[in-house]
Amino acid sequence: MLITLFALSWALGSLAGNVRGRSFSARRKQPQRIVRASAKTYTLEDMYQGESFLNDWDFMEGADPTRGSVMYQSKEKAVAKHLAYVQSDGTTVLAVDDATVLANGKPRDSIRISTKKRYSGGLFIADFYAMPHGCSVWPAYWSVGPNWPNGGEIDILEGVHEQPVNQYTLHTGPGCNITNLAKSRNLKANVSYSGRMASTQCATINNDNTGCAFVDADSRSYGKGFNRIAGGVFAHLWDGTGIRVWHFPRTEIPDDITHKKPNPSSWGNPVALWSSSSCDHGITFLRTSIGAGCPGTCAEAVMDPTNYAFAKWKINYIAVYQAT
């Protein structure tokens, strides 16, 4: 069975060719299907909010496996250093150290968490009040399966530095691409998505792990633009037809989400869409890393704590629903 978990993380370091361990395995090709969110009823399975991010998620400790210039902190260390805490209004904050001036080459303290529980599908709704951004910052909210890349990886929210919009990416094992979906969009108006298809090869081939990606057109989907309006919601539905992702800015969140009675069939076109006719899937994380791309060297950027004043997740909740 395919399994999934959630993760949040921040990494700091060289970005070239780096990925985190999520992935999809190729499956037998089938005739291309039109994928739409059917009118189903969804029941709340898990609500991650407030202290549950500290108690029901695992904190990775140690060096970044994707070679970022960070040192991930255990739960105990993160709480003691005030890098992980819950505000009086119930908002969970996960932060990069923005106070310590570091010696050249020393990694900066950061957070990477993943759910203890695994999932094999569902409707996942994440409400973020704010997300990390800034020089050398590499935040991600993603899912991953075992044995990367064959278990699958879905990047729901990811970017680097002061990137203007969000990119949604799928990483898989051999045999998976979305070329057929790209062709069918030109033929069938009802196979629709609002994002721009940026790459079609989902599989990692010859160490090229670009993945198949969609780029959002909305500047409110990432970084400064996202935080300026008090964030919003990212929802992704993973079922037998494939994976669909929606982004809703704060003032455009559907009432059914607010009232915990989500109805994806009423949400319109997703911003990203991967049909199950090409691949199957895998897991999810939150993290923040640090990478190159700023004035000077990456090591010089990491030394300066002022670069990380906005390197913070502020999470209202992440909810998991199942069709009933």
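Residues numbered from 1 in each chain as written. Predicted model: local features only at pLDDT ≥ 70, side-chain atom pairs only at ≥ 80, totals over all residues. Heavy atoms only, no water.

Examining the side chain of histidine 133
Test applied: Strands here are runs of E lasting at least two residues and helices are runs of H or I lasting at least four, both read from the DSSP assignment and numbered beginning at the N terminus. Any pair of nitrogen or oxygen atoms within 3.5 Å is treated as a polar contact; in protein, a donor-acceptor pairing is required on top of that, and neighbouring residues in sequence qualify only through side-chain atoms on both sides. The contact criterion used is simple: two residues touch if any of their non-hydrogen atoms lie within 4.5 Å.
Positionally, histidine 133 belongs in the loop between strand E10 (122–130) and strand E11 (137–144). At a separation of 3.1 Å, a polar atom in the side chain of histidine 133 contacts the side chain of glutamate 162. If we skip the residues at most four places from it in the chain, histidine 133 touches His161, Glu162, Gly223, Lys224, Asn227, Phe310 and Ala311.

Observations regarding the nonpolar core
Note the following rule: We define the nonpolar core as a collection of buried residues of types Ala, Val, Leu, Ile, Met, Phe, Trp, Tyr and Cys that are connected through side-chain atoms lying within 4.5 Å of one another. The buried label applies to any residue whose accessible area, calculated with a 1.4 Å probe on protein chains only, is under 20% of its type's maximum; exposed applies above 50%, and partly exposed to all values in between.
If you look at the biggest cluster of nonpolar residues, it comprises 44 residues, and the most contacted ones within it are Phe128, Tyr141, Trp274, Leu286, Trp313 and Ile318. Of all hydrophobic cores here, the second largest spans 14 residues; its members include Ile125, Ala235, Trp246 and Ala319.

Side note on the sheet that holds strand E4 (residues 62–63)
Rules: Strands are labelled as partners when DSSP assigns at least two bridges between them.
In spatial order, the strands read E4-E5-E8; together these three strands make up an open sheet with mixed pairing. Two strands close off the open sheet at either side, each with one partner strand: E4 and strand E8 (108–110). Both strand E5 (residues 70–72) and E8 contribute to a ladder of three bridges, which runs parallel. By the bridge assignment for E8, valine 70 is matched with arginine 108.

Overview of the packing of aromatic side chains
Two measures describe an aromatic ring pair: the distance that separates the ring centres and the angle between the ring planes. Defined as follows: Centre distance within 6.5 Å is the pairing criterion for rings of Phe, Tyr and Trp, where only the six-membered ring of Trp is used; planes under 30 degrees apart are then read as stacked, over 60 as edge-to-face, and the remainder as tilted.
Following the criterion strictly, the structure yields 12 aromatic pairs and no others. Ring geometry for tyrosine 119 and phenylalanine 124: centres 5.7 Å apart, planes at 80°, overall edge-to-face. Under the relative-accessibility criterion, phenylalanine 124 is labelled buried at 0%. The interplanar angle of 55° and the centroid separation of 6.4 Å between the aromatic rings of tyrosine 168 and phenylalanine 234 together place this pair among those described as tilted. In this pair, tyrosine 168 is assigned in strand E13 (residues 167–171) and phenylalanine 234 in strand E16 (residues 232–239), connecting sequence segments 66 residues apart.

That's the geometry; what it means functionally is another story.
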